[in-house]
Structure formats: C-alpha cells, structure tokens
2 protein chains.
Amino acid sequence: MCLSGTLEDKLAAVAAAGFDGIEVFENDLIATPWSPAEVAARCADLGLSIDLYQPFRDLDSVDEEQFGRNLRRAEAKLDLMVALGADTVLVCSSVGDDAVADVDRLAGQLHTLAERAAARGLRIAYEALAWGRHVSTWDRSWEAVRRGDHSALGLCLDSFHVLSRGSDPTGIADLPGEKLFFLQLADAPHLNMDVLQWSRHHRLFPGQGGFDLPGFLGQVLAAGYSGPLSLEVFNDVFRQTDPARTAVDAMRSLLALEEALAGRDPRLPERVRLSTLPPAPPVAGYAFTELAVDGVSGPVIATALATLGFTHTGQHRSKPVQLWEQGRARVLLNAAVVRSDGAGAAAISALAVETADPVASAARAEALLAPVLPRSRGATEADLAAVAAPDGTEVFFCRAGADWLTDFLPTRSRPSPSAGLTHTDHVALAQPFDHFDEAALFYRVVLGLQPDATTEVAAPFGLVRHRAVTDSDHTVRIGLSVALLRRGEWAPGVPDPQHLAFATDDIFATARALHAHGAPLLEVPANYHDDLEARLDLAPETLAAMRESGVLYDRDEHGEYFHLHTHVLGSRVFFEVVQRIADYTSYGTVNAPVRMAAHRRLRMAGPKR
Amino acid sequence: MCLSGTLEDKLAAVAAAGFDGIEVFENDLIATPWSPAEVAARCADLGLSIDLYQPFRDLDSVDEEQFGRNLRRAEAKLDLMVALGADTVLVCSSVGDDAVADVDRLAGQLHTLAERAAARGLRIAYEALAWGRHVSTWDRSWEAVRRGDHSALGLCLDSFHVLSRGSDPTGIADLPGEKLFFLQLADAPHLNMDVLQWSRHHRLFPGQGGFDLPGFLGQVLAAGYSGPLSLEVFNDVFRQTDPARTAVDAMRSLLALEEALAGRDPRLPERVRLSTLPPAPPVAGYAFTELAVDGVSGPVIATALATLGFTHTGQHRSKPVQLWEQGRARVLLNAAVVRSDGAGAAAISALAVETADPVASAARAEALLAPVLPRSRGATEADLAAVAAPDGTEVFFCRAGADWLTDFLPTRSRPSPSAGLTHTDHVALAQPFDHFDEAALFYRVVLGLQPDATTEVAAPFGLVRHRAVTDSDHTVRIGLSVALLRRGEWAPGVPDPQHLAFATDDIFATARALHAHGAPLLEVPANYHDDLEARLDLAPETLAAMRESGVLYDRDEHGEYFHLHTHVLGSRVFFEVVQRIADYTSYGTVNAPVRMAAHRRLRMAGPKR
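The structure presented is a predicted model; accordingly, all values stated were derived computationally and were not measured. (Residues numbered from 1 in each chain as written. Chains lettered and ligands numbered in written order. Predicted model: local features only at pLDDT ≥ 70, side-chain atom pairs only at ≥ 80, totals over all residues. Heavy atoms only, no water.)

## Focus on unusual backbone geometry
Residues and elements named next belong to chain A.
Here is step 1: Unusually for a residue other than glycine, L369 sits at a positive phi of about 65 degrees.
Here is step 2: On the secondary structure map, L369 appears in the loop between helix 13 (358–367) and strand 13 (385–388).
Here is step 3: In this model, A582 sits at a positive phi of 55 degrees, which is unusual for a non-glycine residue.
Here is step 4: Residue position: A582 is located in strand 24 (residues 573–582).
Here is step 5: By relative accessible area, which is 59% here, A582 ends up exposed. (Helix = DSSP H or I, 4+ residues; strand = E, 2+ residues; numbered from the N terminus. Buried < 20%, exposed > 50% of the residue type's maximum accessible area, 1.4 Å probe, protein only.)

## Let's talk about the packing of aromatic side chains
Here is step 1: Scanning all chains against the criterion turns up 28 aromatic pairs over all chains.
Here is step 2: Look at F288(A) and W404(A): their rings are 4.7 Å apart centre to centre, the planes differ by 55 degrees, and that puts the pair in the tilted class. Taken together, the residues F288(A) in strand 8 (residues 283–293) and W404(A) in the loop between strand 14 (394–399) and strand 15 (408–410) connect sequence positions 116 residues apart.
Here is step 3: Taking the relative accessible area as the measure of exposure, F288(A) reaches 3% and is therefore buried.
Here is step 4: An aromatic cluster is built from F288(A), F396(A), W404(A) and F408(A), whose rings are joined through pairwise contacts.
Here is step 5: Stacked on the ring of Y587(B), the Lys or Arg R580(B) has its end atom at 5.3 Å from the ring centre. (Phe/Tyr/Trp six-rings, centres within 6.5 Å; stacked < 30°, edge-to-face > 60°. Lys NZ or Arg CZ within 6 Å of the ring centre and 35° of its normal.)

## What about the relation of the copies chain B and chain A?
For these two chain copies, the linking operation is a rotation about an axis paired with a shift along it.
Here is step 1: With an RMSD of 0.0 Å, chain B superimposes on chain A once it is rotated by 180 degrees and translated 0.0 Å along the axis. Considering both components of the superposition, the chain copies are consistent with a two-fold axis. Residue M193(B), judged by its C-alpha, is the member of chain B lying nearest the rotation axis, at 2.5 Å.
Here is step 2: Interface residue correspondence from chain B to chain A reaches 100%, placing this contact among same-surface, isologous pairings. (Least-squares fit on C-alpha atoms with pLDDT ≥ 70 in both. Contact = heavy atoms within 4.5 Å.)

## A word on the interface of chain B and chain A
Here is step 1: On the side of chain A, 59 residues touch chain B, which itself brings 59 residues to the contact.
Here is step 2: Regarding the contact of chain B and chain A, the summed buried area is about 4,700 Å², with carbon and sulfur atoms giving 57% of it.
Here is step 3: Taken together, chain B and chain A are joined by 8 salt bridges.
Here is step 4: Where chain B meets chain A, there are 29 residue pairs in polar contact (both at pLDDT 80 or more).
Here is step 5: Broken down by secondary-structure element, the contributors of at least two residues to the side of chain B that touches chain A are helix 1 (7–16), helix 2 (26–30), helix 4 (64–84), helix 8 (195–201), strand 18 (455–459), strand 19 (462–470), helix 16 (526–535) and helix 18 (592–605) of chain B.
Here is step 6: Of the residues in the side of chain B that touches chain A, the class split is 25 nonpolar, 14 polar and 20 charged. (Buried area = accessible area lost by both parts, 1.4 Å probe. Salt bridge = Lys/Arg side-chain N within 4 Å of Asp/Glu carboxyl O. Polar contact = N/O pair within 3.5 Å; in protein donor to acceptor, adjacent residues only side chain to side chain. Nonpolar A, V, L, I, M, F, W, Y, C, P; charged D, E, K, R; others polar.)

## Looking at the UniProt feature "binding site: Mg(2+)" (unreviewed entry) in chain A
Residue and element names in this part refer to chain A.
Here is step 1: In this structure's numbering, the residues bearing the UniProt feature "binding site: Mg(2+)" (unreviewed entry) are H426, H499 and E576. Despite a sequence span of 151 residues, these residues sit close together in the fold, their greatest C-alpha distance being 9.2 Å.
Here is step 2: Relative to the helices and strands, H426 is located in strand 16 (residues 421–430).
Here is step 3: Not counting chain neighbours up to four residues away, the residues in contact with H426 comprise Y286, R477, H499, L500, A501, Y561, E576, V578, R580 and Y587. (UniProt positions renumbered as here; feature names shortened; annotations may be inferred.)

## Observations concerning the nonpolar core
Here is step 1: In this structure, L291(A), Y443(A), I478(A), L291(B), Y443(B) and I478(B) are the most contacted members of the largest nonpolar core, which totals 348 residues.
Here is step 2: Leave out the neighbours within four places in its chain, and I478(B) touches Y286(B), V427(B), L429(B), Y443(B), L447(B), L449(B), R467(B), A468(B) and V469(B). (Core = buried A, V, L, I, M, F, W, Y, C linked by side-chain atoms within 4.5 Å.)

## Section: helix 5 (residues 103–119) of chain B
Residue and element names in this part refer to chain B.
Here is step 1: Look at helix 5: 24 Å from first C-alpha to last across 17 residues, which is about the 24 Å you get at 1.5 Å a residue.
Here is step 2: Contacts from the buried residues of helix 5 go to helix 4, strand 3 (88–92), strand 4 (123–127), helix 6 (138–148) and strand 5 (153–158).
Here is step 3: Positive phi appears at G121, one or two residues downstream of helix 5, with a value of about 75 degrees. (Expected span 1.5 Å × (residues − 1).)

## Quick look at the environment of E232(B)
Residue and element names in this part refer to chain B.
Here is step 1: Inspection of the secondary structure puts E232 in the loop between strand 7 (229–231) and helix 10 (243–261).
Here is step 2: Looking at E232, the relative accessible area reads 2%, which means it is buried.
Here is step 3: Once you skip the residues sitting within four places of it in the chain, E232 turns out to touch M1, C2, E23, Q54, D158, Q184, L185, A186 and R203.
Here is step 4: Polar side-chain contacts of E232 include one of 2.5 Å to the side chain of Q54.

## Quick notes on the domain arrangement of chain A
Residues and elements named next belong to chain A.
Here is step 1: When the domains of chain A are assigned, the result is domain 1 (7–273) and domain 2 (283–605).
Here is step 2: Counting residues at the interface gives 17 residues for domain 1, matched by 17 residues for domain 2.
Here is step 3: Approximately 1,500 Å² of surface area, both sides summed, lies buried where domain 1 meets domain 2, with 54% of it carried by carbon and sulfur atoms.
Here is step 4: Where domain 1 packs against domain 2, one counts 2 salt bridges.
Here is step 5: Linking R245 and E438 is a salt bridge whose minimum nitrogen-to-oxygen distance equals 3.4 Å.
Here is step 6: Counting the contacts that link domain 1 with domain 2 gives 8 residue pairs in polar contact (both at pLDDT 80 or more). (Domains from an automatic or database assignment.)

## Some thoughts on the pairing of strand 13 of chain A
Two faces make up the sheet, and in a regular strand the side chains alternate between them.
All names here are of chain A.
Here is step 1: Of the strand pairs in this sheet, strand 13 and strand 14 are connected by 4 bridges, and their pairing is antiparallel. Bridge pairing in strand 14 places A386 opposite F396.
Here is step 2: Linking two consecutive strands that pair antiparallel, namely strand 13 and strand 14, is a turn of 5 residues; a positive phi of about 95 degrees is found at G392 within it. (Pairing = 2+ DSSP bridges.)

## Some words on the sheet that holds strand 8 (residues 283–293) of chain B
Residue and element names in this part refer to chain B.
Here is step 1: With mixed pairing, 8 strands are arranged side by side in an open sheet as 13-14-12-8-11-10-9-15. Sheet topology places strand 13 (385–388) and strand 15 (408–410) at the edges, where each strand pairs with a single neighbour. For this sheet, the mean angle separating the axes of adjacent strands, direction not counted, is 30 degrees.
Here is step 2: With 4 bridges connecting them, strand 8 and strand 11 (residues 329–334) associate as parallel partners. Residue pairing across strands places L291 opposite L333, the latter belonging to strand 11.
Here is step 3: Those strands touched by helix 12 (residues 297–307) are strand 8, strand 10 (321–326), strand 11 and strand 12 (346–355), and its axis lies near 165 degrees from that of strand 11. (Axes fitted to C-alpha atoms, helices over the stretch in contact; angles between N-to-C directions.)

Below you can see the structure in the form of structure tokens.
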C-alpha cells in the first residue's frame, strides 16, 4: 500500500528499485487475475520474496462462535499462503466490540491459530494497532505473544503504531530476537489528529517525517531481529504517484536510515554498524545557480540582473551560457536547455554547491539512486559531476575555488554598479505536487543537509506548504514549497514561480541602488506597512524606509528578516533580496501571500515584462 | 476566506452571485493596493456593504502591559474601520497563554475596547473560538459580553464553533436579540479530528456537511437576530476554485437553508417562515439518460446496448439521436453534442427525471441559480426544460407519461432479446475535483433529494470518496464520486469513468443472457470469489453462479447487492447491472477497486474496444 497501481504495476516498480521482497496486501491479491501460484512465480521471476501476507483484521473474539468463523476464514487464507509461498501472516490486534480483553484468553486464541499455521509450516506475526481495542501498545502485544507460547507465534512491530502513541521503544532491545517475526517501518509528520486518520493518510517513508526511526530501528536490531525491513506507508499522495518513482524514493529512505543508524549502538550487528553510503562531504555555499532562458526571457532576465548590480563577466567557451557575478553570487543564463512552455520560458535549471570533495559527493548521490546526468563538455572544460533532483533541477558538485570558472571567457563588460549583494542566500523551488516529500528527502540526504520546520500559509490561491533544508552553517539553503492540493484549472500561477534570493548587509542601501537603476521591483501595498506599524514596535525611521523601498519584514526569537522581490521575469522566475539580522533562520514565509497577490496583480494588469 | 483569489477577485465574485455584503479579513486588506477608502468605494460600486472586519486575534491578556499594546493595535484597526465604512469588528476569544481566565476581568477588557469603539461609532462582536483557551463555548462568551455591559459590545455566534463541540444551541433563542451583533454560518462533515484542523481545512457551506444548520439558525433568529447571515468557510478546495462558481454555490446553500428553516418555528419572523423557493415536485424515476457519442464510440455503445437487451426503438425527428429501450430503461445516444476529447469520446451528457410538474421543477432549479439551458427544438417537439449541473451534465425535467417520446419516430427495429433489465437503477457521475461538494448540494436541493452517507475506498490509483443522493422512494439515485486528491500525471483513468446502472430482478438469468449475446462483460478475478467464500456464508450454488457470471457482491444490515459491469466503452462510459435484495440501499462501493483494476488491465492490454 506504499505504491499506486495494481499488483502488476507494483511488482514491476519494487523490483526495478532493487527491493528484495514484498508484503502482499489482500486487496491487491483479490483484484489480480493471477492465481496465488502465478503471483509467486511472477515474484520469483523478479527476484522478489513474499515476506508477509496481510489478509484480514479482527481475529480474536469473546464470542467463541464468531472466533470459530474467524478461524475458518484464517485457515482458508493459510491455505492460500502455501500457494503464494509466503511463510508469515500478519494478525493485527482487534478493533471490534467483541475483541478479547483478557490477555490469557487472547493468548489462547493466538495459540490456536499458531497451531493451524505451524501445521502448514507457516507462522503468525501479531501486531498492536495504535487504535486496537484492548491491545494498542507493543508491550501488551508482546505479553499476548509471550503467553501464547508457541514457536509459530511471534511479534510484528510497526514504528508508526509505537511512535505515534509516544510509547517508549526502549525496552524493545530486551525482547528475545527470535520472537520478533516482522518489522514494519513508517515515519510521519507530527500532527495533532486522530491516530487512525493520521495513520491512514499521512504516513511517510523513514526520514521524511518527525519520528526517530533510527532510534526505533536500533532497538529492534539490538534485540537481534534479522528479518526484512518492510515499509508500510499509507499516504494519500503516494497512492496516486508513479509507483516506479515512489519505489526509488522508498529505497533511498532506507539507505539513509541505514546510514543514520550506523555507529549508533555497539550492540548492533556489524553489517548495520558499517553504512555502505559514502559520507556527505561538507558543503560551502553555492558555486552558482543556473536559469534556463529562451530568446524572449533571456534578455529580460539579463537586464534585470544588471539592474540588480550583476555584471556579465563571462561567456561559456562552447555553449550559449552567460555568467553573471556580484560578490560571491554567480548566476548562469543558459539558452541551451530547451523548455517547452512557450516563448518567454524561464526556470531554475541547476544549482551548484561547493563541496570539499565533488567526486565523493557525486558518488554519494549515485549511491542514493540519484540519476547521474551525462555531461557534454569540451576537452579543456571542467568536469562537473551532476545529478537530477526529483523536480528536474540539476545539482552540480564543484570544488571550492571555482575551477569551473575557467570554462568561461572573460567578457570585459563594463561592470554594473554594485548593489551590495554578497552571495546567494537561498534557492526556492516550487515542487511538483507528487514529489514534495521525495524532493525534501533527496536534497537533504544527498547533500547531507538538515530539515527546517514545515510551515503552511494561506496563499491567495490555496494553502501552500514550505519546508527548507540547510547545512549547519547555513551556506546552502534550499526552500521547497508545494500546494496542499494539486492546483486546478482556475488557480493562476501554475506552475508556481521559483526564485533566487541574494543576501545584502544593508537592505535599504541596496534598495536605493535598485530603485536608482530601474530594477523591476514589486510594489508593496501601504496597507501592509500600516499593519506592521499597528502590530510591531518598529522604529519610525525603519518603517519609513521600508515603506519607501517596498521592503517586507519578519522576525522570530532569533532575529529579523528584511526582504524585497522583483516581478516575475519570463514565465516563472523572480529574485529576492534579503538581509538577515542576528540569527533569523527562516524565509519570511508569512509575507508570501502579499508577494503572491502583487505578482497576480501584475499578471492581470498587462503583458509579461 | 470562503473564496480563492485576491480581494479584487473576491469582490467581483460575491457581487455577481447576488450577495448584499461582505466580511473583510485582514489578510486580504493587507495584500491589496487599494486603501481602505478605495475598498469602501469599490464595494459601494458593487452594491456591497462591509458588515464586519476581522483584524486580529488575542485581544485580552493577564499582562496589563501586553493588553495595552493590544489595545493600541486595536485602535489603529478601529481608525482603519472608519475609513473602510465597517461598523462591527470581530474579537475572538484568546488562545494565548496570557488569555484572561477570570470572566469579570475579561469583561472589563472587552468593555474598555467597546468604549474606544463607541467613541468612533463602532461596535465589538465577541466570539468564542471552539479552541479558545478559557472561552470556548457560546454561553461563556455570552457571560463575558453580559458582564462587559456596554451598548457597543455584543456577541458573534459561529455555527461551527458551537456545533463542532457538540454544544447544545437550545438556549440561544433566549438571548436578547439586540446583543447578537453578528452571525457566521459554516457546516462541516462529521470528522474525528482536532477541532482546529477540522475548522481550518474542512468547513463546508450550509447543507454540504453533517451539522443541523437549520436548527442552529432557528435558535438565533428566534432570539431576534436581524443582522446578516455571513458565511465563514475555511475549505482547502474552495481556496483554490474559481471564486465566481464558489460564490454561486454559497448563495445556493443559503437559499436551501432558508427553505429548510421555513415553517419550523412560530417564533421566527414572517419573512423567514415563508421561503421564496418553489417547492420541489416529487420525482418518479428516470425518464431517460443520454450519452454523448461520436462516430467511433456511437456504434460501439449501440452494439453493447443491443447485447444488454436494449432495442433501438426510435430516431429523433430532427437530431442525430437514437432512443434505446428495455423495460422502463431508456438511453439516448446523441451524436450532436460535440466533445473535444478525441475520437472515441463518450460521456453521460444528460439525465432526465420525471416529475409531477416539470415547469415547477425548472422554476425551482432556476431559483436555485442553476444555469437554464437554451432549447433548440422543432415546432412539434416536446418542450423539455433543462438546466446544467456543476459537472456539466444536463438535467431535464419531464412529465410522467413520457410525452417527449413523440419526438422520436419509431424505427421498427427487430427487438433485441430482453435481458430482463427493468429500469435505470442509478447514474454514477465522477465529479471534477473542484466541484464535488457543489455538485452534491446542487443535485440534492434542485431535485429535492436526500443525501446518503459518504464513503471512501482505497482504489488502485488513490482514495476515492463517494456520496449518493436519492429520493425517499429511491426512484432517482445519483452516485457522485471524486478523488481525494486531484489526479496527476501518472494516475490513469483521468477523467474517471462514469456509468449507468440498470436493475434486474434476476442477476443470474440476466448474466446468462448477456453472456449468450456477447456483452462486453468485465472478468472478475477468481481470487475475489475465493475471498468471498472465505469471508461469508454464501450458499455454494450462489457462489458458483457468481463465479460463472462474474457477479460481485455486497451486503449490509438491510439487504444484499449483486452486480456486474461491462468494459469501458468509448473514452469513459460503462454499464452496470444490479440486483437489490430487500432494502440494500448502497452501491457496492466496496467492490469498486476490483472493478477499477480490471478496467485498468483492459486499458493496458490493448486498444479501446
């Protein structure tokens, strides 16, 4: 149930992503025309074992007649498992009104089923659902299994059911490993909602949510569990995305989980303590960012960059790529990347990070299943390793010191008057709806970054979710956003704009320079500043300067944030200028609706600039 | 916040839908370039009053210094209101840690603000948020207002905040009407979730959810409230749909609410007791359903109808429309409706219900803001009134007795051998994502139907929500469905298929006839019937017959449901045959995933049939 599609679609996807085995969920089996034996054969062809079968709920019952019926049904499923070649069946704690409260009676019923299973060479893995009627915690399910006392009866642990309840997993390491029959892993964002709904709609792959999966898994492995790590992720988005991509995302999450676990606990088996992933070399800021432009958007953006104080310093030796620089901020305008969204197309096509070891960075990315991009380069050009992120953005790894700059011939252009921009503060990438969580995990683990908190804002055309990832020194910040619901026919601004944000040490001096040079700055409504004045104790001269220059403002407990924006240039790119005061670590997301409304107004008012 | 877009977009939409006034939410004002006076002027131009301003939260504070700051901020907003021409400001109960618990102290702070408001000719409407820290119920907010004891201080009631907590609204009728300053209405589905999240994402317009809005509103009006009925609906979907359509949907919901209230309570004012809506004449089944077909899909569907036992009995006098009949089931194939989705297009284009008074039905639909469709007809043809539903389906109203049949010349075709189909059981319409709740309300109130329960199933390509509406005699059943998330690039079957379901009194005799005549029936996996056998105590001969004929099965506490399906014919239409046993009232939705997987398999396997 991690994947979209029919059983046939799913098997192809998980095999291609390199998984060793699967769980079969009854709903998929019921809907396939393949007999259980044919499913088994197909899995064998694909190199997949069938590690678990999930055929039903609510086995135990205080009504012995009902339990008899449940048992008969279970036996039909056990017979089916023999044909399927699955040796372990999942039994969840009951949610029915007739669920057995008495743990000895429950253990007895589990024992009875274990007998029937053992007769067929099968075994029962009993799991506590977080919303089980009488058994909702791992220790209580263990108690039932222990008292059930049968070699074919063991425990299935599911990280969601344990961690969603805030249960302490610490004691798990003390369980006998041979009684741990199965392990299901799921992460989830911390949400304040009914646990059943949370579980059914919002689970995520490990590393995409807020749970401590490495800590949980460490407990299970320390107990001696040696079975599969199975993913059981009910997620409304994954249910409808391309299963081939989701399966790769899932595998990447397991690789990153293994790394997070490595070296944690001397009790762990050797194979766990040694992660096979090349470690992430430290990053040290953006070497460059690249915009794909066409014949219409290219000159518009070039002009805008000049008004922002950038100088066209270089021209690529062999490609239609311009280098624009100001301070340590470097932007490439690439007219060679064909985009299909019509005249005036523009998009952020690549970002390049400086790392201590580009070869190691690229090797890590590849080990994390990032598609490696082919490079076409001249004999004397720098060899830049690049991979594709889930949103299509190319991620380059560059050595500190910028040897790639030798690919560019100096233009000897007259320098634009500087506007005081010092470096690239962040890159903001609106994500395709289906790939937000995948992208956040990708950027984080491939580059070795940390996630910031997730925020949601009510934007003019729907709710928008923001999440950023950054290194500990904040040299590389990547802001990701996505609409909470996929945008439809009415909502304008699809796809949402992306932007590059540049830092300044003096927003007002920069703003004056930008105004003087005719930068296409976004106007900010007077009502916005009136509200700031009513809400906050800002110095009158600061407020006056903000009004004059169209500067927006945010603050948190760590510091302050001043920022301004340009118009959208070409189809979907704009620039932001930011000044961070003290340790403000966010992105002024609270002001996004004002900026979006202003962009909307320009779009309605006239032709593209 | 009911609508998507900027303030400018919203004002245009509500004025066009016929609203008298608006609330202004601070976020919209902050993002508009219009000054408050310009907003007021624009509203006046559009005939809209500004009935309420919502500028902030968390007024009261146990920290008097903080309260002082809050008060200064409030005064800035009161000054703004004078320019805006809004005379009432909303103050919500505080959620902050510093909220005032002592009701007299709270009343004192409200009194202070009321003084400041009164000095400007304004008034304060105090509202209990369901998640307010100390004030979360209407009676507690009333206590604060009562003790605040100021003519410029009154109560704002919000149906969501009262009904979501399960609070009893009964005492509201006893409040002094002149102290009820404002009324906000929102419905919501019954959900088991955190009330704040429920409120922010899932509110609906009155009549679209599960709350007793007429009962609540009756209380408020009985108290003597005579102010506006304001809609405050936070809904993730409405936030991104065309605001012009959402505003019409909103107005329709108020018209239906007024009708539901009429005659309820002798204490209500005369104007409320007399609804202006023409009552819904009783419906009596489907006169016909119509499929739009093209040159490719038309013959395919005609052949399929013949194999289902339908006979091509009539040809329209002036249009390329065929009439097919079996029992009381009548299907039109209309080749005159141009569809743009390519060769093989097919869709349910119209449904016609028999009503006791077609003219009254049409008048009601028009009063409920249904777009009336122009009719092009020959001099001798029946005058069928028709309106457009939100999904584009045309809804016709026909007199019982079928005088419209005289539009068709008999074909004298050789009758197809009957398959025992007696009538149209239901019409199932997959809805466009943005318009599901709008459509459910539309079909229900325009036709005077009742809603069934909403169900969700995990379909192969994402979760799907189902809701049906029907008359009390179940002569007209309309099944509506929508994906929980708008489908994206991968999910196949977009748009989702629609279908017509025909009833039989003997599903197995019908199935044998269909097989004999080569109907394009969907094969059902053996695994499906194996599971039925394991789960249910079905008679072996019944199960064998189901296996043989590809019949699916469901049951509930009222009865049983046997059904089978055809392939998808043309781009998006299939047929279902159903037999209802006893009082089964549902639609076999539990089997939808099996059917969808089978349809998917055919689509993958080969060319369209």
